[in-house]
Amino acid sequence: MNSDIPVSNLSAEKINPEKNDTTEKNETNDEENYVKEEQHRVAAESMMKENSNESLTSSQQLALLSLGMFVFFGAHNILQEAIMKIPGFTHGIMLGYFEVVGVTICSFLERNYIARERGRVAPLRSYTALTLCLMMSSSFSNMSLNFINFPTKVVFRSCKLIPAMVIATIINRRVFRSSEYLAAFSITIGLILFAAADWKLTPSFNPIGLVLVSLSVIADAVLPNLQENLFTHGSSRLEVIYYSNIFALVFMTMSTFISGDLFAVFKLASMDPHLQLYLVIYTAISYIAITFYMKIVKKFGGVVAVLLATVRKAMTLSLSFLLFPKDFSWYYVFGAVLVLGGLLAASLIKQMTPKQDNNMGISQQKESQHAEPNELEPLKQNENV
């Protein structure tokens with residue numbers, strides 16, 4: 001009798017195999033329904049956000065985004081100069097280090113919890129040159145502040161048009177319009193005037209600072225092309241930003257540890273509460289400033305973004321002279337007018353030129369992702385900080 005019981009149970013399972021199949025199908029259907037419900041929920045939330053944004057007029061949106069860009073870029077640049085003015089702080093490279101820290105953390109959070117991206121498309125070896133250029137751009141730019149004043153650094157950092165034209169002429173044998181050469185000439189004369197004023201009026205001026213900031217500008221001119229190469233292979237903006245910055249962070253941590261700058265700054269900060277506060281805010285706002293700029297590029301186009309970026313740079317120079325008094329020379333004024341005017345003209349020419357005639361490497365939007373915060377300009381993502 002007992003031997004019949006398992007046989008009957010076995011027979012029941014053989015006779016009704018559909019029961020297990022039905023259970024599995026129901027579980028699969030439940031999972032699919034859950035995934036669909038989540039997709040609908042996310043889509044609904046996204047639509048609600050878009051609708052809430054559309055409740056503002058285009059002018060109101062531009063005003064708010066512009067205000068955010070001016071406030072955060074302005075705060076970033078004021079903090080940068082304020083930190084360099086703190087007695088005993090002679091570690092300009094650490095400003096670049098904290099920028100990279102901020103961009104790495106913020107891009108990680110945005111990528112994983114807002115965009116919800118996973119995985120990596122580009123192989124790790126493809127980030128080698130990009131990481132090297134990013135480190136040069138960030139480090140040399142901020143190290144130059146040990147030798148030149150802040151306005152001179154801002155003006156030179158804005159001028160990657162010059163090395164970009166030189167590279168395009170040598171490598172691609174490109175011939176530019178006469179108006180573009182005129183704009184480049186205007187920028188060059190402006191740079192000379194600015195450097196001459198700094199040389200004459202700044203006691204701590206050292207030509208090494210001009211060499212360092214020039215090297216950072218050259219690296220900045222190459223950066224967008226390396227980023228574009230990754231974009232063409234299917235990598236997203238956030239992927240490129242995150243991986244290039246995290247690799248740069250690893251190497252910069254090792255280099256500043258060996259040089260002693262890392263410990264020196266933390267030791268100085270432990271004795272100065274103001275420096276602690278400055279560094280925390282400085283680290284956090286770089287990525288926020290870039291985000292506002294990118295929103296303007298995406299929603300209102302390159303021309304509007306170029307105009308606002310030019311005004312912002314003029315604001316940065318003005319605030320530097322107002323908040324951190326320094327010897328004045330009309331060379332600064334004439335130099336700034338020539339540089340910013342030339343940059344504005346060159347940018348507008350580029351924006352209004354048909355795409356096929358305007359192929360220097362990257363689109364305005366992608367170019368903006370790695371830069372200014374150095375003077376922020378680190379997809380930085382690339383608006384010059």
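Refer to the preceding data block for the structure.
Here's a quick rundown of the structure. (Residues numbered from 1 in each chain as written. Predicted model: local features only at pLDDT ≥ 70, side-chain atom pairs only at ≥ 80, totals over all residues. Heavy atoms only, no water.)

Here helix α4 (residues 93-114) crosses helix α10 (residues 237-259) at 145°, and the two axes come no closer than 8 Å. The two elements α4 and α10 cross, and the hand of that crossing is left-handed. (Axes fitted to C-alpha atoms, helices over the stretch in contact; angles between N-to-C directions. Helix = DSSP H or I, 4+ residues; strand = E, 2+ residues; numbered from the N terminus. Left-handed = near helix turned anticlockwise from the far one by under 90°.)

The subject of this paragraph is the environment of A82. Along the chain, A82 falls in helix α3 (residues 58-85). A sequence separation of 193 residues divides A82 from L275, and the C-alpha atoms of the two residues are 9.2 Å apart. With near-sequence residues (within four places) excluded, A82 lies in contact with Y278 and F324. (Contact = heavy atoms within 4.5 Å.)

Let's shift gears to empty space enclosed by the protein. When its volume is computed, the largest cavity comes out at roughly 40 Å³. What lines the largest cavity is simply N77, I78, E81, F150, T316, L319 and S320. Contributions of two or more residues to the lining of the largest cavity are made by α3 and α13 (302-323). Of the residues that constitute the lining of the largest cavity, the class distribution is three nonpolar, three polar and one charged. (1 Å grid on protein atoms, 1.4 Å probe; cavity = no way out; pocket = protein on both sides within 12 Å on 5 of 7 lines; lining within 4 Å. Points joined across faces, edges and corners; volume = space filled by probe spheres on them. Nonpolar A, V, L, I, M, F, W, Y, C, P; charged D, E, K, R; others polar.)

The subject of this paragraph is the pattern of salt bridges. Under the defined criterion, the tally for this structure stands at four salt bridges. D220 is the partner of R157 in a salt bridge, and the nearest nitrogen-oxygen pair spans 3.0 Å. Highlighted residues: R157 in helix α6 (residues 150-157) and D220 in helix α9 (residues 207-232), separated in sequence by 63 residues. Accessibility expressed as a relative area gives 0% for D220, which makes it buried. (Salt bridge = Lys/Arg side-chain N within 4 Å of Asp/Glu carboxyl O. Buried < 20%, exposed > 50% of the residue type's maximum accessible area, 1.4 Å probe, protein only.)

Our next topic: the packing of aromatic side chains. Under the counting rule described, the total for this entry stands at 16 aromatic pairs. Ring plane angle 80° and centroid distance 6.5 Å describe the contact between F108 and Y113, whose orientation is recorded as edge-to-face. Look at F108 and you get partly exposed, because its relative accessible area is 32%. Ring geometry for Y127 against Y243: centres 5.8 Å apart, planes inclined by 40°, an arrangement best described as tilted. Of this pair, Y127 sits in the loop between α4 and α5 (128-143) while Y243 sits in helix α10, and the two are 116 residues apart along the sequence. There is no split in this pair, since Y127 and Y243 are both buried. Connected via pairs of aromatic rings, a cluster forms that spans F108, Y113, Y127, Y242, Y243 and F247. (Phe/Tyr/Trp six-rings, centres within 6.5 Å; stacked < 30°, edge-to-face > 60°.)

Their axes nearest at 10 Å, the elements helix α7 (residues 161-171) and helix α8 (residues 178-201) cross at an angle of 135°. Between α7 and α8, the interaxial angle falls into the category oblique. The element α7 and its partner α8 pack so that their crossing is left-handed. Contact residues: L161, I162 and M165 in α7; E180, Y181, A184, I187 and T188 in α8. Its residues assigned to classes, the contact of α7 with α8 comprises six nonpolar, one polar and one charged. (Parallel < 35°, antiparallel > 145°, perpendicular 65-115°, else oblique.)

A word on the nonpolar core. Counting 63 residues, the largest nonpolar core has F89, Y97 and L275 as its most contacted members. Leaving out residues up to four positions away in the same chain, Y97 has contacts with L249, M252, T253, T256 and L262. Core analysis: the next-biggest nonpolar cluster, separate from the first, contains 14 residues, F70, F73, F300 and L308 among them. (Core = buried A, V, L, I, M, F, W, Y, C linked by side-chain atoms within 4.5 Å.)

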